[in-house]
Amino acid sequence: MNHHFKPLRTALGLALALSLCGPLPVALAALAGPDAPAATMLPGSSLYQVDAGLTDQHGQPLRWSDLHGRPQLVSMFYANCHLMCPLILENAKALQKQLGADGERLGVAVITLDPARDTPQALAAVAADHRTPAAWRYLRPEPDAVRALASVLGVRYRFRDDGSINHTSVLVLLDAEGREVARSEVTGIAPDPAFVQQVRATLAAD
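Residues numbered from 1 in each chain as written. Predicted model: local features only at pLDDT ≥ 70, side-chain atom pairs only at ≥ 80, totals over all residues. Heavy atoms only, no water.

The chain is annotated in an unreviewed UniProt entry as Protein SCO1/2 of Pseudoxanthomonas taiwanensis J19.

Put into structure tokens, the structure is as follows:
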């Protein structure tokens, strides 16, 4: 059984925990690469300041910052997880369904913690098994980008000897420019009503 870590509640607290000195924009800049053109168009508090390359479940490459432009629901998981990760997916599905027509304006991105094993084909299989909407993105980061993405999203994780991964089970709501608006710890299939309302408010303000 996976043990789950209490998520860090703010990006600033996360930056301090990582011993990155200075305010949040400086902390994010320390994680961003020198060649991140989209980042210069985003606010300093945007999590998209991190320069990370990914591949989706269809084998298409993209940058982390390509998700900007509309609110996103983001989480991290791995395909071979049989306890909390399925709950994360089902919780996000239920949340989007509760939004009704507004749910179509919410992007959903699920990022693997295990790019060595989670090929695009493996991620596509998870999408099919859970019958998630076709618009969802299952993303495989470049191996050296996993730690940086987990850090800015407040996801703590570690590999166990049996190949499983202990990790934070959380949904993170980002606004259209990549700033964290809210987060919800996943403990079951039913989404937190207060978190659903925060998603609604973010979509209404977009």
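Anyway, onward from the coordinates.
### Concerning empty space enclosed by the protein
To be explicit about the condition: Here a cavity means grid points, on a 1 Å grid over the protein atoms only, where a 1.4 Å probe fits yet cannot get out; a pocket means an open set of points with protein on both sides within 12 Å along at least five of seven lines; lining residues are those with an atom within 4 Å of a point. Grid points are joined across faces, edges and corners, and a volume is the space filled by probe spheres set on the points. By definition, any uninterrupted DSSP run of H or I lasting at least four residues is a helix, any uninterrupted run of E lasting at least two residues is a strand, and each is numbered from the N terminus.
Enumeration according to the criterion identifies 2 cavities of 30 Å³ or more in this entry. Quantified by volume, the second largest cavity comes out at close to 30 Å³. What lines the second largest cavity is simply Leu 73, Val 74, Ser 75, Ile 88, Leu 89, Ala 92, Val 108, Val 110 and Leu 171. Of all the secondary-structure elements, those providing two or more residues to the lining of the second largest cavity are β3 (72-77), α3 (84-98) and β4 (107-112).

### Focus on α3
We apply this condition: Here a helix's expected span is defined as the number of its residues, less one, multiplied by 1.5 Å. Remark: exposure states derive from per-residue accessible area (1.4 Å probe, protein chains only) relative to the maximum for the residue type, with buried under 20%, exposed over 50%, and partly exposed in between. Here, the arc refers to the directions that run from the helix axis to the C-beta atoms.
Between its first and last C-alpha, α3 extends 21 Å over 15 residues, near the 21 Å set by a 1.5 Å rise per residue. Buried within α3 are the following residues: Met 84, Cys 85, Ile 88, Leu 89, Asn 91, Ala 92, Leu 95 and Gln 96. For α3, the buried positions fall inside an angular range of 160° around the axis, keeping them on one side. Within two residues after α3, Gly 100 carries a phi angle of roughly 65°, on the positive side.

### Describing the packing of aromatic side chains
Just so we agree on the cut-off: Pairing of aromatic rings covers Phe, Tyr and Trp, the last counted by its six-membered ring, and requires centre-to-centre distances within 6.5 Å; plane angles under 30 degrees mean stacked, over 60 mean edge-to-face, and any other angle means tilted.
Under the defined criterion, the tally for this structure stands at 4 aromatic pairs. Their ring planes at 75° and their centres at 5.0 Å tell us that Tyr 48 and Trp 64 sit as a pair that is edge-to-face. Of this pair, Tyr 48 sits in the loop between α2 (24-31) and β1 (53-56) while Trp 64 sits in the loop between β2 (61-63) and β3, placing them 16 residues apart in sequence. Both residues of the pair, Tyr 48 and Trp 64, belong to the buried class.

### Thoughts on the UniProt feature "binding site: Cu cation" (unreviewed entry) in the chain
The cut-off we apply is this: UniProt positions are given in the numbering used here, feature names are shortened, and annotations may be inferred rather than shown by experiment. Residue contacts follow a heavy-atom distance rule, with two residues in contact if any of their heavy atoms lie within 4.5 Å.
In the UniProt entry, the feature "binding site: Cu cation" (unreviewed entry) is given for Cys 81, Cys 85 and His 167. On the basis of their most widely separated C-alpha atoms, the annotated residues across 87 residues gather in one place, lying no more than 10.4 Å apart. When you line up the elements, Cys 85 lands in helix α3. The exposure class of Cys 85 is buried, given its relative accessible area of 1%. When near neighbours in sequence (up to four residues on either side) are disregarded, Cys 85 contacts Phe 77, Tyr 78 and His 167. When you line up the elements, His 167 lands in strand β7 (residues 165-167).

### Let's talk about the nonpolar core
Among soluble globular proteins, nonpolar side chains are generally buried collectively. Worth spelling out the cut-off: Buried Ala, Val, Leu, Ile, Met, Phe, Trp, Tyr and Cys residues form a nonpolar core when they are joined through side-chain atoms within 4.5 Å.
Core analysis: the biggest nonpolar cluster contains 55 residues, and Trp 64, Met 76, Ile 111, Tyr 138 and Leu 153 have the highest contact counts within it. Counting only elements with at least two residues in this core, the list comes to β3, α3, β4, α4 (120-130), β5 (137-141), α5 (146-153), β8 (170-174) and α6 (193-205).

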